[in-house]
Amino acid sequence: MAMNDVECCDTFCVHEDLLDVVKDVMPDEEEVYDLAELFKAYGDSTRLRILFVLSKAEVCVCDLAQALNMTQSAISHQLKILKQSKLVSSRREGKSVFYSLADGHVSTIIAQGREHIEE
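Note that the structure is a prediction, hence the values are computed from the model and not measured. (Residues numbered from 1 in each chain as written. Predicted model: local features only at pLDDT ≥ 70, side-chain atom pairs only at ≥ 80, totals over all residues. Heavy atoms only, no water.)

Student: An account of unusual backbone geometry is requested, with residue identities and associated values reported.
Tutor: Note on backbone geometry: most residues besides glycine have negative phi, and most peptide bonds are trans. Within the chain, N69 stands out as a residue other than glycine whose phi angle is a positive 55 degrees. The exposed category is assigned to N69, whose relative accessible area is 72%. Phi at K86 is positive, roughly 60 degrees, even though this residue is not glycine. The residue K86 is located in the loop between α5 (72–84) and β2 (88–93) in this model. (Buried < 20%, exposed > 50% of the residue type's maximum accessible area, 1.4 Å probe, protein only. Helix = DSSP H or I, 4+ residues; strand = E, 2+ residues; numbered from the N terminus.)

Student: Describe the nonpolar core, with residues and values.
Tutor: Ranked by size, the top nonpolar core spans 19 residues in total, and within it I50, L51, L54, I75 and L79 carry the most contacts. The dominant element in this core, judged by the number of residues it contributes, is helix α4 (residues 61–68), at four residues. Those residues within four positions of L51 in sequence are excluded, and the remaining contacts are Y42, L82, L87, V88, L101, V106 and I110. (Core = buried A, V, L, I, M, F, W, Y, C linked by side-chain atoms within 4.5 Å. Contact = heavy atoms within 4.5 Å.)

Student: Let's hear about the environment of K56: which residues, and what values?
Tutor: With respect to the helices and strands, the residue K56 is situated in helix α3 (residues 45–56). Taking C-alpha positions, K56 is 9.4 Å from L101, a pair spaced 45 residues apart along the chain.

Nothing here speaks to function; it is geometry throughout.
Given below as structure tokens:
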């Protein structure tokens, strides 16, 4: 969308009463930064594909690599980012490490994103 396509006010008029309401609910900079980092983790198609698989089953890196036709190394790299973002968790069982979604919020965010793009 070009800048000319954005409608702007014809005159400059600040509505202080509305801004006061916004100031009362605006999160602090650290929280906004953390939220932006969370959405960055969702902002990669490979990571989203991993999250889709994990929304259906708890699987190991070998399973993910096979399901997504990728190398284990590439999957591991993306899982590290997802784990740092607290979107996935892992557990060891013998020689295997199984990954799953960290909680229900992860799939809820994906579902809401899908609803949004399908509107």
